[in-house]
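Fold and contact review
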Amino acid sequence: MEVKAWKDLGTYCYGLIVAAISIYMLIQKSGSQRNFAMIVAAIIIGIWIPIGQLVMKKRILRGLDERERLIHERAKAISDSFLGGFCLMGLLGLWGWVGLKASVPVYIPVIIVFGLGAIAEILKPLLILIQCKMERSEGGAV
Amino acid sequence: MSKDRLSNNIRRLRFDAGEMTQQQLADKVGVTRQTIIATEQGRYAPSLPLAIKIARAFGKTVEEVFQLEM
């Protein structure tokens, strides 16, 4: 589980950097006209997230024993709470910052949500590794 | 409200059972070695099915393997 957590951490960090650069370039190159590729991508992502969660959850949990499952679920609960809380904070804070009747470019709230989502995904393997480290340091030599 | 503490004598039972290793016990009960280590050191309280499997691996009852200190 720890080895997988390290691999996931590396993969998600790399993915976040690539996604950030891609989104930046996409925004720079795009105009204000409708982007059908983005609409299709949004539909696919929106459908994949709930279905993928169910499918992947079973697959991930299948290989874990009860203690590892507990660690995994704890990490997921914390990262999901982080995502929900910080999304609210980010979006409401942005709203307050710019003024309740002001407007911002549409990509800003999108970036906030996606950015926090990516950070929440990175948090999961990190929290797994932290829990394992805490377990070892509490228990001493094996 | 006092915190209950679950202790065990898995380590002693392993040695009494022909120096069974943690890995051997883990394989027998279907968990990882890390789970056996965490259970042995009292850092993880196993579920009831796992506690029963561990007790059966030593031919003991659950109460002979695990003790609840209140």
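Residues numbered from 1 in each chain as written. Chains lettered and ligands numbered in written order. Predicted model: local features only at pLDDT ≥ 70, side-chain atom pairs only at ≥ 80, totals over all residues. Heavy atoms only, no water.

**Focus: the overall build of chain B**
The secondary structure content of chain B amounts to five helices and two strands. Secondary structure elements in chain B, listed N-terminal to C-terminal, are β-α-α-α-α-α-β. For a compact globule of 70 residues, the expected C-alpha radius of gyration is about 11 Å, and chain B comes in at 12 Å, within 12% of that figure. Taking the principal axes of the C-alpha coordinates as reference, chain B spans close to 40 × 20 × 20 Å. Counting all 70 residues of chain B, 40% fall into the buried class. For chain B, long-range pairs separated by at least 24 residues make up 59% of all intrachain contacts whose partners lie at least 6 apart in sequence. When the accessible surface of chain B is split by element, carbon and sulfur atoms take 51% of a total near 4300 Å². Counting 11 positive and 8 negative side-chain charges, chain B places the averaged centre of each group 5 Å from the other. (Helix = DSSP H or I, 4+ residues; strand = E, 2+ residues; numbered from the N terminus. Rg over C-alpha atoms; globule rule 2.2 N^0.38 Å. Buried < 20%, exposed > 50% of the residue type's maximum accessible area, 1.4 Å probe, protein only. Contact = heavy atoms within 4.5 Å. Areas by Shrake-Rupley, 256 points an atom, 1.4 Å probe, with all protein chains shown as cover. Lys, Arg positive; Asp, Glu negative; His and termini not counted. Charge placed at Lys NZ, Arg CZ, Asp CG, Glu CD.)

**Description of the pattern of salt bridges**
Counted under the stated rule, the structure contains nine salt bridges over all chains. Across the salt bridge formed by Asp80 of chain A and Lys76 of chain A, the nearest N and O atoms sit 2.9 Å from each other. Taken together, the residues span about one helical turn, with Asp80 of chain A and Lys76 of chain A both in helix α3 (residues 66-98) at a distance of four residues. For Lys76 of chain A, a relative accessible area of 19% gives the class buried. Measuring nitrogen to oxygen at the nearest pair gives 4.0 Å for the salt bridge that ties Glu135 of chain A to Arg43 of chain B. Taken together, the residues span two chains, with Glu135 of chain A in helix α4 (residues 107-139) and Arg43 of chain B in the loop between α3 (33-40) and α4 (48-57). Owing to a relative accessible area of 15%, Glu135 of chain A belongs among the buried residues under this scheme. In this structure, a network of salt bridges that share partners links the residues Arg67 and Glu135 of chain A together with Arg43 of chain B. (Salt bridge = Lys/Arg side-chain N within 4 Å of Asp/Glu carboxyl O.)

**Description of the interface of chain B and chain A**
The interface of chain B with chain A comprises 15 residues on the first partner and eleven residues on the second. Between chain B and chain A the total buried area reaches about 980 Å² when both faces are included, carbon and sulfur atoms providing 52% of it. Three residues stand out in chain B for area buried against chain A, namely Gln41, Arg43 and Tyr44 of chain B, and they jointly supply 49% of the buried area on that side. In this assembly, chain B and chain A are joined by six residue pairs in polar contact (both at pLDDT 80 or more). The element that contributes the greatest number of residues to the side of chain B that touches chain A is α3 of chain B, accounting for five residues. Classifying every residue of the side of chain B that touches chain A by side-chain character gives six nonpolar, seven polar and two charged. (Buried area = accessible area lost by both parts, 1.4 Å probe. Polar contact = N/O pair within 3.5 Å; in protein donor to acceptor, adjacent residues only side chain to side chain. Nonpolar A, V, L, I, M, F, W, Y, C, P; charged D, E, K, R; others polar.)

**What to know about the environment of Ile37 of chain B**
Residues and elements named next belong to chain B. With respect to the helices, strands and loops of the structure, Ile37 is situated in helix α3. Given the relative accessible area of 6%, Ile37 is considered buried. Sequence separation between Ile37 and Pro49 is twelve residues, and the spatial gap between their C-alpha atoms is 17 Å.

**Remarks on the layout of surface pockets**
Residue and element names in this part refer to chain A. Put simply, the largest pocket is a space of about 2000 Å³. As for the largest pocket, its lining consists of 49 residues, of which Ile45, Ile49, Phe114, Gly117 and Ala118 are closest to the centre. Those elements that provide at least two residues to the lining of the largest pocket are α1 (2-29), α2 (36-62), α3 and α4. It is α4 that contributes the most residues to the lining of the largest pocket, 14 residues altogether. Its residues placed into classes, the lining of the largest pocket shows 30 nonpolar, twelve polar and seven charged. (1 Å grid on protein atoms, 1.4 Å probe; cavity = no way out; pocket = protein on both sides within 12 Å on 5 of 7 lines; lining within 4 Å. Points joined across faces, edges and corners; volume = space filled by probe spheres on them.)

**Some thoughts on the confidence of the model for chain B**
Residues and elements named next belong to chain B. Overall, the predicted model of chain B reaches an average pLDDT of 90, with 97% of residues at or above 70. α4 holds the highest mean pLDDT among the elements of chain B, 95, whereas strand β1 (residues 5-8) holds the lowest, 86. Reported for the predicted complex are a pTM of 0.75 and an ipTM of 0.80. (pLDDT = per-residue confidence, 0-100.)

**A closer look at α2 of chain A**
Over its 27 residues, α2 of chain A extends 38 Å from the first C-alpha to the last, a length consistent with the 39 Å expected when each residue adds 1.5 Å. At Ile49 of chain A, α2 of chain A shows its maximal kink, close to 35°; a proline, Pro50 of chain A, follows between one and four residues later. (Expected span 1.5 Å × (residues − 1). Bend = angle between axes of the 7 residues up to and from the residue.)

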